[in-house]
Structures are given as structure tokens and as C-alpha cells.
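What follows is the residue order along each chain.
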Amino acid sequence: MFANFRLSFAWLHTWFGLVLGFVLMAAFFFGSLSVFDREIDRWALPETRIEPQPMPSFDTILASRFAEIAAPEPEELAAASKRSTQPLPEKLKPALFGAYTTHRDPVLDVFVGFEVPNSTLPNDLAYGSVVIDPRDGRKLPKDRLALGSAFFYPMHYSLHFTWYDIGMWIVGLAAMAMLAAVVSGVVMHRKIFREFFTFRPGKKLLRGTLDLHNLTGVVALPFHFLWALSGLIIFAGVYFPVFDKMLQPLVEQHEREEARHTGLDAEPSGVPGTLASVDAMMIAAKDHWVSRGVPGEVGYLQVTHVGSSNAYVSIYRDSTDRVATAEGLHFQGSTGRVIFEDPPTGAAETVNGFLTGMHLQQFRHWTLRWLIFVGGLLSCVCITTGFIFFVEKRKHVHARQGTSGSRWVDALAVTTVTGMMVATLATLVMNRALPEDLANRDLWEKSTFWIAWLTALTHALWRSAAVLQARMSKAWAEQSWAIAALGAVAVVLNAATTGDHLGRTLMAGYWPVAGVDLMLIASACAAAIAARKLRARAAEVVPVNPEVPDYA
Amino acid sequence: MPDALLLAAALACTVIGMGWLSLAMDVHWIQVRATRRSPRMVIILRVLGAASLAASLVLCLLADTATMAALVWMMLLAVAAVTIALVLSRKPALLAPLVAAFPQSP
């Protein structure tokens, strides 16, 4: 099909990179934002602008909160009723309590898993949850959107297409394409070492674009590869559902074997039982960690087989000091006696824990957090320059032939690069502009995002007519102006509606909000500078018959 | 030494190391110096660069546990390489101090 190996890899890189690049752009941009998801949450939810809190008392605060969660969330219930072979009873039985926090969380996610009877899945649960202020157990309103962890983060891995997990499949496919693009990129690149530090912005746009594409691709190569790979590994259970589909009998047998070994029963006993003081178990766990010389706050708390005589309480150490996650102590619920401690992990589990932990970043290491954020932005630059190179290389030929291929690519590139930022910033602005007591406030914010993005797409399509004449679309400059304006407005609105202007947050050293504000200002400034340059370039007269060199 | 200082030193080492490695390449050497250099100087620059990157890894390992340090170092390399590439494209003269001790003629 192709004359040589390099050409066939170039084809793969170009077309897979282009088609799935639009998805990758969303995955990497919102992934970068997700590095600071908890901080964006603080910005978007002013009432939660407090210092991170440790796991509160179970006996005095959490127990009553769990008891108040009477039913699964409506969408969970609807999904569960489809999995059940019979109509679900009026009231479901709680089977699991869970509470999760990290060193960056001032609020606590508290959830209850309800047993789904007659389900086609084993040990099937449907979840109901609340977010509480751990200081006093006060419940936070449900329709306040945690923009970082509940909107940008799911966007990063599912694009919010939840129907049959289709979004996760698309993102997974894009991650596969990323791995293929990294490998094929290395094969195509003729001077990977000789041009390692090369960036020639002064020369032709095509040359500078390719330089930047190669530079960001090569120097951050381990990042691109490892993050795409670990993303796939995290959702391996979705992409290869061997355990709950193909190997179900084997899994059940393994569970029974494991239960015999650990003493943690796989099934509830069916005999009612009571829970001893969980606070005492938390104290025992902390004492245990102190005796082992490791730092330890409770990160995750879970009660399994709630209300049953064989209930057990699992207490996991938070993961501030290490990359990998999960290190648990398991107590007998009725007595508070330690039944089992998670043993040191084996080789495969250690590698899996490292890759997963690296991607999810629950550790306390602000330098690494920022470095990973920069890595994500380098990926975004790499993908963006890929789009621009595609268009710049072809637009003159397409203009002569009268075909519109590069116009469409340019419009979609504008939509996924500047358009995505416009939509994100519009959502932040709306988050601060909407009245605090507005009903369904979260829906308004989500709608803002999609409407703004759709507007950006329409604008990009309209303005990209210029590409048909091999000129630059004005949409790039105009959407950059929009980014600059929205970024500035967001900072002003935050100060106006909450009083937490930069002077105050910086003086108080409240970095979650100060950091988001500073990033907004930096983005606005960068966008304004870019807009000026892009406008100048869009106004340039195009030579009638330019030579298009063949770089790739 | 506090971790923040160790990490700052590690960043400095990676940037300087990447600087030396870039100047070991002819195309970047001529951006900084008008005169040619001997093959021996190329080797010296490469050794200096590699040693500096190794030193940064050691500093990372002193600051954090091995798994964390490996990630920090990997990301520092990327950031340092981009930094040097941008300096070379805008103001290559900034790298001149890295080879100030080298003789003007080969």
C-alpha cells in the first residue's frame, strides 16, 4: 500500500492523530484542569472555601449522615431497576457505607451502597450520596456544581456521554491512538536527536509549527506515553470486562478463597448485628501507622455488610506520601478487632498501583502536581500544532483545487483549542454570575458550557471560510479575545460576589482560590497577546502561488 | 536541606545539564560562540551535561521516595528541555555563561 515503512507510519500518524486528536485535546485539556480539580471546586463553591479537614468522627457525625441517606440517587435507581429481573422493592437495604477524603478536601463525600435484589450482577449495589462539611456534618446543597471534580474531571475521561459508557470508549480509543501516534511519530521523525532542542519560530509558519510539534512531542514523550497508557489501565475493567463477564465463576471462587484467607466474608451472614465504635478503630489504625513510622490520616473508610453480624470496617491510609494508593486495615465490625491487614503488594499489583496512582495524583507533592499540569499543557500544544500543521500543509493545495478539507479541520481545531477554553471560562463566569439560590443551578452551569461550545463551533465554521482562500481564519484571533475577556470577567466576578479578591486570598495564603484567579489572569494575558499576533497574521496577504515544502 | 531547596537545585541542574547537552551540538554551539571547538570539548560538554542530569536525579531521590522522585525527574527533564529550546530560539546568548570557562579558540 505504501512505498515504505516510514510513509505508512506517516499515514497512520496523520489520520488517526487528526480524527482522534479532537478527542485527545478534550482529554488532555480537561485532564490538565483535573490536576487542580479540588482547587477549581473551591473557586466554584465559595461556601466550601475552608481548610482541608481530616476524616470526622464516625460515631457522632458520619453514622447519622449515613442513616439519613434513605435511597439511591434517582439515576442510580433507574439503572439498577434495569439490572434487576424483578420490580425493585419500595425500600432498598443499605449494604455498604463509604466516606472518602484527601489532603486537599475541605468537604467529605459520604455514600451508601444499597443492595439490588435479583440483579443480573453479583453483589450489585446502587449508590446514594451526600457531600457534607466534616466540621459539623452539615449537608451541602445537591444542585451546586463542583466544577472541577464533578464536571471537568468526568469530562476528561467520559466527555459526559454516559449512554452505554460510550464516552469512555471514545476516550479509550483516543488513548490507543495517542500510543500509536507516539510510536509512529518517533518512526517518522528523521532527526529526533539532531533537532531535539530545535524551535525556529521566525521562519515560515509551517516550519515553526512542525518544530513545536516535534519539540513538545519528543521532550515529553515519556509523559504522553505513560499517561495515555495508565489512563487505559485505570479503565481496563471497562474495556476488557473479563472479571464480571467472562470469568464470573472463577471470580466468585476466588472471592470465596480470598475470604477464607483474609477472614473478610464475601457475603453478609444474614444475621443482624451491631457496630462497635468505629472511632476507636480509626484511633487503632492511626496508632498502627505511627508504630510503623508512616504518616497517616484516614483517607477512605468503608463499612461492608452493614447491619449484618459479619460486618467489617476497612480503614485506608491516605496517600499523601506515595504514588500508589490503597493500604488498608480491616476490623471486625462487632468487636473492633483487627481481622486483616493488606499485605505488601506483589510485582504486578505494584506496577498497576504506581501507574494508577501516578495518573490519579492523590499524593501531597505540589511540585510534581505542577509538573504534571505542565506535561498536560505540553500535550495540548503538541496536539494543537498537529492540527495547525495539517491545515497549513494542505490549505494552498485545497484552495487551488477548490476542496474544503482543510477548512473543516481548521474549524474543528478552533473549536477544540480556543473554543474549549471559551466554553470553560464561560462556565466559570456563569458560576459566579448566577444567583446563589437559583434552583437547578448546576443545570444552568452545565448548559452554559455546551451552549458556549456550540457557539464557538458555529463561529469557527462561519469564520473558516477564509481557509478556502488559503488565508487564516479570523476565528483564532476572535476566540482568543473572548478567552481574554472571559478570564478577566471571571476574576472580577469572583471578587465582586465573594469578596475573595486576590489581595485578600494572597494575604491569607488561601492558594486554591488565589491560584485559580492567578491562572485566569495569566491565561487572559496570554490569550490577549496571542490574539494580537493572530489578528496580524489573519490580515496578511497570501501569496498567489506559494511553494509548499514537504516537511513530513 | 529542605525538600523545596533540593527540588529547586534539581531543576537548576536539569536546565544547566540540558544547556550543556544542547551546546555539545554544532548547530547550537554556533548560536552561542563564533569560533569552532575541538572534538574534545564536545565530549566534555556531553559529560558535563550527563553528569548534571544525573546530579539532578540524585537530588530528586534525596527529596522524595524513589517512585515519586522518578516521576519528578522525568517531568523536570521535559520542562528543562523545552526551556532550553525556547532560550535557544529567542536569546541563545543567555547560555553563554555555561561555556564561559571554555577557551575562545580551539
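Residues numbered from 1 in each chain as written. Chains lettered and ligands numbered in written order. Predicted model: local features only at pLDDT ≥ 70, side-chain atom pairs only at ≥ 80, totals over all residues.

## Focus on the overall build of chain A
Looking only at helices and strands, one finds 20 helices and seven strands in chain A. Relative to a compact globule of 552 residues, whose C-alpha radius of gyration would be 24 Å, chain A shows 26 Å and is just as compact. Each of the three principal axes of chain A carries a C-alpha extent, and together these read 85 × 60 × 50 Å. Taking all 552 residues of chain A together, 41% fall into the buried category. Here the contacts in chain A between residues at least 6 apart in sequence split such that 71% fall between residues at least 24 apart. (Helix = DSSP H or I, 4+ residues; strand = E, 2+ residues; numbered from the N terminus. Rg over C-alpha atoms; globule rule 2.2 N^0.38 Å. Buried ≥ 20, exposed ≤ 12 C-beta atoms within 10 Å, placed from the backbone. Contact = placed C-beta atoms within 7 Å.)

## Remarks on the domain arrangement of chain A
All names here are of chain A. Domain annotation for chain A reports domain 1 (5–45 + 155–219 + 362–538) and domain 2 (48–146 + 234–360). Using C-alpha coordinates to define each centre, domain 1 is positioned 36 Å away from domain 2. Taken together, the contact between domain 1 and domain 2 spans 20 residues of the former and 20 residues of the latter. Elements supplying a minimum of two residues to the side of domain 1 that touches domain 2: α2 (37–44), α6 (166–188) and α16 (441–463). For the side of domain 1 that touches domain 2, the per-class residue count stands at seven nonpolar, three polar and 10 charged. (Domains from an automatic or database assignment. Nonpolar A, V, L, I, M, F, W, Y, C, P; charged D, E, K, R; others polar.)

## Re the interface of chain A and chain B
Across the contact, 23 residues belong to chain A and 20 residues belong to chain B. Elements that contribute at least two residues to the side of chain A that touches chain B include exactly α7 (205–219), α8 (221–234), α13 (347–360) and α14 (366–401) of chain A. Broken down by element, the residue count for the side of chain A that touches chain B peaks at seven residues, all from α14(A). Looking at the side of chain A that touches chain B residue by residue, the class counts come to 17 nonpolar, four polar and two charged.

## Observations concerning unusual backbone geometry
Residue and element names in this part refer to chain A. With phi around 55°, N118 is a residue other than glycine that occupies positive phi space. As for its placement among the helices and strands, N118 is situated in the loop between β2 (108–115) and β3 (125–132). Take N118: there are 12 C-beta atoms within 10 Å of it, and that puts it in the exposed class. We note that Y164 has phi near 50°; this positive angle belongs to a residue other than glycine. Examined against the element boundaries, Y164 turns out to sit in the loop between α5 (147–158) and α6.

## Focus on the pairing of strand β5 (residues 312–317) of chain A
Residues and elements named next belong to chain A. The element β5 is largely enclosed, with a buried count of six among its six residues. Residue alternation in β5 divides its side chains into two sets, Y312, S314 and Y316 and V313, I315 and R317, and both sets are buried. Bridge count for strand β4 (residues 298–304) against β5 is six bridges, and the pairing is antiparallel. Bridging from a neighbouring strand, Y300 pairs with Y316 of β5. The pairing of β5 with strand β6 (residues 328–332) spans five bridges and is antiparallel. Across the sheet, the residue bridging to Y312 is Q332, located in β6. (Pairing = 2+ DSSP bridges.)

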